[in-house]
Amino acid sequence: MSQFMSLAAAVEANVRDGDVVAMEGFTHLIPHAAGHEVIRQRRRHLTLIRMTPDLIYDQLIGMGCADKAVFAWCGNPGVGSLHRMRDAIENGWPQPLAYEEHSHAAMANAYEAGAAGLPFAVFRGYLGVDLPKVNPNIRTITCPYTGEKLATVPAIRPDVAIIHALRADRAGHVLLEGIVGVQKQAVLAARRSIATVEEMVDDFGERSPNTVILPSWTVSAIVVAPGGAHPSYAHGYYKRDNAYYKKWDEISRERDSFLAWMKANVLERGPEVFAEQRKRLSFAMAGAP
Amino acid sequence: MTESFTPTEMMTVAASRALKSSDVCFVGIGMPSAACNLARLTHAPDITLIYESGTIATKPAILPLSIGDGELCETALATVSVPEMFRYWLQGGRITVGFLGGAQIDRYANLNTTVVGPYDKPKVRLPGGGGAPEIAISCGEIFIIMSHSRRGFVEKLDFVTSLGHGEGRDHRARLGIKTKGPTRLITDLCVFEPDPVTKEMTVVSIHPGVSREQIDSNTGWEVKYAAEPTATPTPTAEELAILRELHARTKRAHGDQA
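Please read all numbers here as calculations on a predicted model, not as lab measurements.

Of regular secondary structure, chain A possesses 11 helices and 15 strands. A compact globule built from 289 residues should have a C-alpha radius of gyration of about 19 Å, and chain A, at 19 Å, falls within 12% of that. On the principal axes, the C-alpha backbone points of chain A span a range of 55 × 50 × 40 Å. Here the contacts in chain A between residues at least 6 apart in sequence split such that 76% fall between residues at least 24 apart.

Okay, structure coming up:
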């Protein structure tokens, strides 16, 4: 059964040095508050899995938390490079970063295989391209019925999955809607999981029967962390902070400016900074465009 | 008297005209997104735009900065999970056109968005493939939009991220791929289509005011031209007005949170 905890306690209990960690959220609901807590607790030697590393892994990698990244698209969406991740790959700063690279389709399938308890995923992909030459985990299988050659990748089975969701109810069930990405798959594929949420409600009330719900017995820890997805967004709560994504390009470009920013905004602060951002960006305050 | 326009505007307009109202289009971010939404706001109002974040038949009023901006979900007919998007909709063969961009392209429209230099010791680490490797083989056909430069249009790719026509001719078919691959490459100078036999990308249309010399000097291989390349029709005043208004709206929306 899920337990309500503080952010610090949830990370303390569920994320260990050397863990394979998946923090998911496809542009929407990226668990940034939890990412900051992992940095504050100075976790080391993590393998970080994420379809799009985004700012959250740029920060973790730049702060030396990761030995390895597993990813499909490592850019700052619509802006440019993830400078900290590039610095780690190109120059080994602050430490060398091993990486295993896939396509989005491969990782989506691999999460699904993990959730389904299968050892690998099979799909039509990677034809005529170079990734299989540099990633030995990309292999092929011959369909026993048609003879078609199909791509395979190992299932993703993280030690811990971390997601940000919209709401939890008092019984500890977790709800998300909108762009739901691979969060459900990541949680069901993982041994342990943390869900940070915008708010706790007594009861979810009226909802579509097809709303994505993670029942309490599938989640280890729930943390009420309003604004916890900032600078990504939470459907119905606040919008994506596109200006912040653009600003990150400047902050992260140089090591010094990055470290100074992390000190002032992460190491010396707590989850309250996210609540402040939510207040600034919430639909009621800003007025929906 | 025609209105003046930038090469990028010409490119976006030419790309948008390649789309039909009946298309179901998988949209890449950046220049593809502008072209696809311009098509929707002009001659192809019923086009179905799909972003890999899972949003189906989305009608954003502003251009998203990412492929998963809230705007895409709020204006979509439906939003599905990312595994469903890639398995049922893309791999399942429900998409007629994939619209891609890239950092490097070769004469057979293979694309590199992974690395410049060797993979293990890259000179420049680019974002990588994302959805492109499977978009390139599972969509009915592929349109590519890219600014024309010698740095981007290269004799040999450093890395093949997504397949175009491979080594040419029937390479795709030999790999067991049934889709057409890149049927159009739109740049800020011209439009290429694959030669029916060799599949080498061939200039079929040249934008107004552009010379062959300009195309040649911005391409890293010896460019093939169709027997009689046509002149790309200039953007209409309506197309330009709608495109500029779209960009202005987008700028206001993205800037207002600073």
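That was the structure; now back to the text.
Moving on, we get to the overall build of chain B. Summing up its helical and strand segments, chain B has 8 helices and 14 strands in all. Here chain B has a C-alpha radius of gyration of 18 Å; the compact-globule value for 258 residues is 18 Å, and the two agree. Across its three principal axes, chain B shows a C-alpha extent of roughly 50 × 45 × 35 Å. Going through the 258 residues of chain B one by one, you find that 55% of them count as buried.

This next bit is on the packing of helix α1 (residues 7-14) of chain A against helix α2 (residues 32-40) of chain A. All names here are of chain A. It is at 10 Å that the axes of α1 and α2 come closest, and there the two elements cross at 65°. Taken as axis vectors, α1 and α2 run roughly perpendicular relative to one another. The element α1 and its partner α2 pack so that their crossing is right-handed. Residues Leu7, Ala8 and Val11 of α1 form the contact with α2, whose participating residues are Ala33, Ala34, Glu37 and Val38. When the residues that make up the contact of α1 with α2 are grouped by side-chain class, the tally is 6 nonpolar, no polar and 1 charged.

Moving on to the packing of helix α8 (residues 242-253) of chain A against helix α9 (residues 255-267) of chain A. All names here are of chain A. Running from N to C, α8 and α9 cross one another at 110°; their axes reach a closest spacing of 5 Å. Judged by the angle between their axes, α8 and α9 are roughly perpendicular. Touching Ile251, Ser252 and Arg253 of α8 are Ser257, Phe258 and Trp261, all from α9. Of the residues assigned to the contact of α8 with α9, the class counts are 3 nonpolar, 2 polar and 1 charged.

Count 3.6 residues to each turn of an α-helix, and residues three or four apart come out pointing the same way. Along helix α2 (residues 31-41) of chain B, 10 of the 11 residues are buried, which leaves the element largely enclosed by surrounding structure. For α2(B), the full list of buried residues reads B:Met31, B:Pro32, B:Ser33, B:Ala34, B:Ala35, B:Cys36, B:Asn37, B:Leu38, B:Ala39 and B:Arg40.

Attention shifts here to the nonpolar core. One finds A:Leu60, A:Ala195, B:Cys25, B:Phe99 and B:Ile145 to be the most contacted residues of the largest nonpolar core, which totals 162 residues. The element best represented in this core is helix α5 (residues 104-115) of chain A, accounting for 8 residues. When we break this core down by domain, the ones giving at least three residues each are domain 1 (3-99 + 162-286) and domain 2 (104-154) of chain A. Among residues more than four places away in sequence, those in contact with A:Leu60 are A:Gly35, A:Val38, A:Ile39, A:Leu48, A:Cys65 and A:Ala66.

For the rest of this paragraph, the subject is the interface of chain A and chain B. On the chain B side, the residues contacting the 48 residues of chain A number 46 residues. Those elements giving two or more residues to the side of chain A that touches chain B turn out to be α4 (83-91), α5, α6 (131-134) and α8 of chain A. The element contributing the most residues to the side of chain A that touches chain B is α5(A), with 6 residues. Among the residues making up the side of chain A that touches chain B, the classes are represented as 23 nonpolar, 14 polar and 11 charged.

Turning our attention to the domain arrangement of chain A. Residues and elements named next belong to chain A. In terms of domain boundaries, chain A breaks down into domain 1 (3-99 + 162-286) and domain 2 (104-154). Centre-to-centre, using C-alpha coordinates, domain 1 lies 27 Å away from domain 2. With 8 residues of domain 1 at the contact, the number on the domain 2 side is 7 residues.

Let us now look at unusual backbone geometry. Residues and elements named next belong to chain A. For the bond from tryptophan 93 to proline 94, the omega torsion is 0°, close enough to zero to count as cis. With respect to the helices and strands, proline 94 occurs in the loop between α4 and β7 (98-101). Cis geometry marks the peptide bond from histidine 230 to proline 231, where omega comes out at 10°. Tracing the backbone shows proline 231 in the loop between β15 (221-224) and α8. You will see that threonine 27, though not glycine, has its phi angle at about 70°, which is positive. Position of threonine 27 among the secondary structure elements: in the loop between β2 (20-23) and α2.

Let's shift gears to the sheet that holds strand β9 (residues 139-142) of chain A. Strand pairing in a sheet is mediated by backbone hydrogen bonds. Such pairs are either parallel or antiparallel. All names here are of chain A. On the basis of which strands lie adjacent, the open sheet formed by 3 strands has the order β8-β10-β9 and antiparallel pairing. In this open sheet, the two strands that pair with only one neighbour each are β8 (120-123) and β9. Across the sheet, the mean angle separating the axes of adjacent strands is 40° when strand polarity is ignored. Where β9 meets strand β10 (residues 149-154), 4 bridges bridge the pair, whose relative direction is antiparallel. Counted as the bridge partner of arginine 139 is threonine 152 from β10. Against the sheet, α5 touches β8 and β10, its axis set at about 135° to β8.

Another point: the sheet that holds strand β10 (residues 141-145) of chain B. All names here are of chain B. A sheet is described by the order of its strands in space; here 10 strands give the open sequence β4-β3-β2-β1-β5-β10-β11-β12-β13-β14, paired in mixed fashion. Only two strands of the sheet have a single partner each, and these edge strands are β4 (78-79) and β14 (224-231). Both strand β13 (residues 201-206) and β14 contribute to a ladder of 4 bridges, which runs parallel. What sits directly across from threonine 202, in β14, is lysine 224.

Okay, the environment of A:Leu188 next. Residues and elements named next belong to chain A. Within the element layout of this structure, leucine 188 appears in helix α7 (residues 183-189). Judged by the 18 C-beta atoms lying within 10 Å of it, leucine 188 falls in the partly exposed class. Residues leucine 188 and proline 158, spaced 30 residues apart in sequence, show a C-alpha to C-alpha distance of 9.7 Å.

A regular strand places its side chains on the two faces of the sheet in alternate fashion. Residues and elements named next belong to chain B. Burial of strand β12 (residues 190-194) is extensive: 4 of the 5 residues sit out of reach of the surface. Between the end of strand β11 (residues 182-186) and the start of β12, which pair antiparallel, lie 3 residues. The loop that links β12 with its antiparallel partner β13 comprises 6 residues; one of these, lysine 199, has a positive phi angle of about 70°.

This part takes up the environment of A:Ala161. With respect to the helices, strands and loops of the structure, A:Ala161 is situated in strand β11 (residues 160-169). Linking A:Ala161 and A:Pro94, residues 67 residues apart in sequence, is a C-alpha distance of 25 Å.

The next thing to look at is the confidence of the model for chain A. Across chain A, the average pLDDT comes to 96, with 98% of residues at or above 70. In this model, residues 285-289 of chain A is a region of pLDDT below 50 whose contacts with residues beyond four sequence positions or in other chains number 5 contacts.

Rules and cut-offs
Residues numbered from 1 in each chain as written. Chains lettered and ligands numbered in written order. Predicted model: local features only at pLDDT ≥ 70, side-chain atom pairs only at ≥ 80, totals over all residues. Helix = DSSP H or I, 4+ residues; strand = E, 2+ residues; numbered from the N terminus. Rg over C-alpha atoms; globule rule 2.2 N^0.38 Å. Contact = placed C-beta atoms within 7 Å. Buried ≥ 20, exposed ≤ 12 C-beta atoms within 10 Å, placed from the backbone. Axes fitted to C-alpha atoms, helices over the stretch in contact; angles between N-to-C directions. Parallel < 35°, antiparallel > 145°, perpendicular 65-115°, else oblique. Left-handed = near helix turned anticlockwise from the far one by under 90°. Nonpolar A, V, L, I, M, F, W, Y, C, P; charged D, E, K, R; others polar. Core = buried A, V, L, I, M, F, W, Y, C linked by C-beta atoms within 7 Å. Domains from an automatic or database assignment. Pairing = 2+ DSSP bridges. pLDDT = per-residue confidence, 0-100.

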